[in-house]
Amino acid sequence: MTDNSKKTEKAPTPPKAINWITMALLTTVAVASIRGLPAMAPYGLASILLYVIPAVVFLIPTALVAAELASGWEGGVFGWVNAAYGGNAGMFAIWQQWVQNVVWFPAQLAFFAAALAYIFDPGLANNGLFVGIVIIAVYWIANHLALRGVETFSQVGSKGLIVGTLIPVLVLVVLAVVFISTGGKSYIAGSEASFIPVWAGFASIVLIISNFLSYAGMEMNAVHVTDMHNPEKTFPKAMLLACILILLVFIPGTLAISVCLPALGINLTTGVLQAFDVMFSYVGIAWGTHVMAALIVIGILASVVIWIPGPSKGLLLVGQEGYLPPWFQKTNKNGMQENILLVQGTAVTVLALFFAFIPSVQEAFWILSAMCVQLYLIMYVMMFLSAMRLRKTEPDKKRGFRVPAMGVVASLGLIASVLAFVIGFFQPAGANMNPLVYAGILLAGILLLGTWPMFISRYKKSGWDLMQKDKTESEQGT
C-alpha cells in the first residue's frame, strides 16, 4: 500500500518565477538597447517616423504573433515551428536565432567596454587589450548569473532594465527639456517638414528596412513562458507593456541626443555619453556623466544576462527532442543548460579575442554581424509562416489570446522580414567592397553558419532521445 502511494505521489510543482510585469521588463531589456540610439539621432525629428514605420510593420506583428503562439504552445520558436512544420524545421529555426546571438555578444559587450572606459579613461575604449579583457570577463560573469536559474536572471534582467536603461533615458530626456527651456542651443529643426526624412531614393528604403532589426528579440523570452503565472492571459499583457516601454526608450532617448549634439558630431559608439557630457556640463554637474555611464554598464550587463539563457534554452529543447547528443542535454541543479552554455561561452571567447586583438578582423566583423542578422530574419520568416499555418491546421487549439486578422498581421510581418532579408544583401553606405563580392560573401556565410541543423538531423541517433527513453521505461515500469 505504501509502495503504491509512493509511485502515484506527484512531485512538487516548482514555483512560477516570472509574473507578467517581469516578463515585460525582460522583453524590453532584450530589445531596447541604448547602444542603437546614436545611429538614429542624426535624423532629428525624422527619427520618429523611422521608428514608427518599423514598429507598425514589424514590432507589433512580432509581439502579437508571439503572444498568440506562446499562449497555445510551449517551447518558444522551436515549439511553434515544430508544431507547424515538424522537428527538423523547428531545429532549423531555433539554430538561426542562436547563431546570431553568439555573434551579438562581443558587439554588445564592446559597447559595455566603451561605457566602462568612459568612467575612468575614454581612451581605453580603443585599447584592444582592455576591450578584450572586458568582453570575456563580463560575459562569463553574466554566464554565471544565468546558470543560477530563472529567478536569478529574471531579477537581474528586470531590475537592470530599470537601473541601467529606463533611468538613464529618463534623465537624458529631463536634461534635454531643461537644456531647451533654459536657452540651450537645440540642433533639431523646428519646421514640420523636419518630421519627414529627406528622400534619398533607394538609400531611404534601406534605412527604414534596416531599422526593423532594432526591434528584434520580442519573441526570445517566450521560451520561458512555462515559468509564468497564467501565461495564456499574462504573456499578451507583457507584450503590450513591452512595446510601449521599447518605444519610450527609443524615441524620446534619440530626440534627447539630437537636441544637444550636431548630426555630424555624434559618435555611434559613445553618442549617449557625449550627450550626457554636454547636458551635465550645461547644468554644472559634469560628474553626472560618470554616474550615468555606471548605470548604463549595469543595463548592458542585464541585457547580456537575459540573452544568454534565451536562445540556448531553445537548443536544450531541441536536444531533449532527440536532435542533439545527450551531452548537450545536461542541466545543472537549477535546470539550466550548462553544457550548451559552456559551448556558447567558448565561441564568444574566441570571437572576442579575434575582435579585440586583430584589427583586420574588426573590419570584417560587421560582415559577420550582417550574416547573423540575415539568419535571424530567416527565423522570423519561419515564425510568421508557422503562425498562419497553425491557424489552419489547428484552429480549435486552445489559445489564451488570438490575433485579430492573423492573416493580415502575420503577412505584414512576413513581408517586412523578407524585404529586410533582401535589402541585407546590399552593402551599407561607406563600404568599399565590390557589391557582388559582398553579396557573395554574405550568401556563403549564411549557408556555412545556417545549414548545420541539416547535417545534425541527418546523422542523429535514436539513443539521443532521452525523454522518449525515460517515457518508455516509465510506461513499462507501470
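For the structure, see preceding data.
The residue numbers shown here count from 1 along each chain, following its written sequence. For a predicted model such as this one, the threshold for reporting local features is a pLDDT of at least 70, and the threshold for listing and counting side-chain atom pairs is 80 or more; totals across whole chains, interfaces and linings nevertheless cover every residue. With hydrogens and water set aside, each side-chain value is computed from the structure's full complement of heavy atoms.

Engineer: Give me the packing of helix α8 (residues 150-181) against helix α11 (residues 271-282): which residues, what numbers.
Structural biologist: One can describe the packing of α8 onto α11 by two numbers: an axis separation of 10 Å at closest approach and a directional angle of 50°. In this view, α8 runs oblique relative to α11, as classed from their interaxial angle. The handedness of the crossing between α8 and α11 comes out as left-handed. Together, Pro168, Val171, Leu172, Leu175, Ala176 and Phe179 of α8 and Ala275, Phe276, Val278, Met279, Phe280 and Tyr282 of α11 make up the contact between the two elements. Interaxial angles span 0 to 180 degrees and are taken between N-to-C directions of axes, which are lines fitted to C-alpha atoms, for helices over the stretch in contact. Secondary structure elements are taken from DSSP: a helix is a run of H or I of four residues or more, a strand is a run of E of two residues or more, and numbering for both begins at the N terminus. Oblique is the label for every angle not falling under 35 degrees (roughly parallel), over 145 degrees (roughly antiparallel), or within 65 to 115 degrees (roughly perpendicular). The crossing is said to be left-handed when, going from far helix to near helix, the turn is anticlockwise and less than a right angle, and right-handed when the turn is clockwise. In this description, contact between two residues means that some pair of their heavy atoms is separated by no more than 4.5 Å.

Engineer: Provide a residue-level description of the packing of aromatic side chains, including the pertinent values.
Structural biologist: Pairs of aromatic rings are described using the distance from one ring centre to the other and the angle between the two planes. When the centres of two rings from Phe, Tyr and Trp lie within 6.5 Å, Trp using its six-membered ring, the rings pair. Their planes under 30 degrees apart give stacked, over 60 give edge-to-face, and anything left gives tilted. In this structure the tally under the stated criterion is 14 aromatic pairs. Summarising the aromatic geometry, the rings of Tyr376 and Tyr380 are spaced 4.9 Å apart at their centres and angled 35° between planes, so their arrangement reads as tilted. With Tyr376 and Tyr380 both in helix α15 (residues 359-393), this residue pair falls 4 residues apart, about one helical turn. Burial status follows relative accessibility: with a 1.4 Å probe on protein chains alone, a residue under 20% of its type maximum counts as buried, one over 50% as exposed, and anything between as partly exposed. A residue is classified by how much of its surface remains accessible, and Tyr380, at 0% relative accessible area, is buried. Members of the aromatic cluster, each reached through a chain of ring pairs, are Trp104, Phe105, Tyr139, Trp140 and Trp307. Only lysine NZ and arginine CZ atoms are considered, and such an atom sits over a ring when it is within 6 Å of the ring centre and within 35 degrees of the ring normal. Its end group placed over the ring of Tyr323, Lys460 keeps NZ or CZ at 3.8 Å from the ring centre.

Engineer: Quick rundown of the side chain of Ser303? Include the residues and the values.
Structural biologist: Examined against the element boundaries, Ser303 turns out to sit in helix α12 (residues 288-307). The exposure class of Ser303 is buried, given its relative accessible area of 4%. The residues touching Ser303, leaving out its near neighbours within four places in the chain, are Val29, Trp104 and Gln108.

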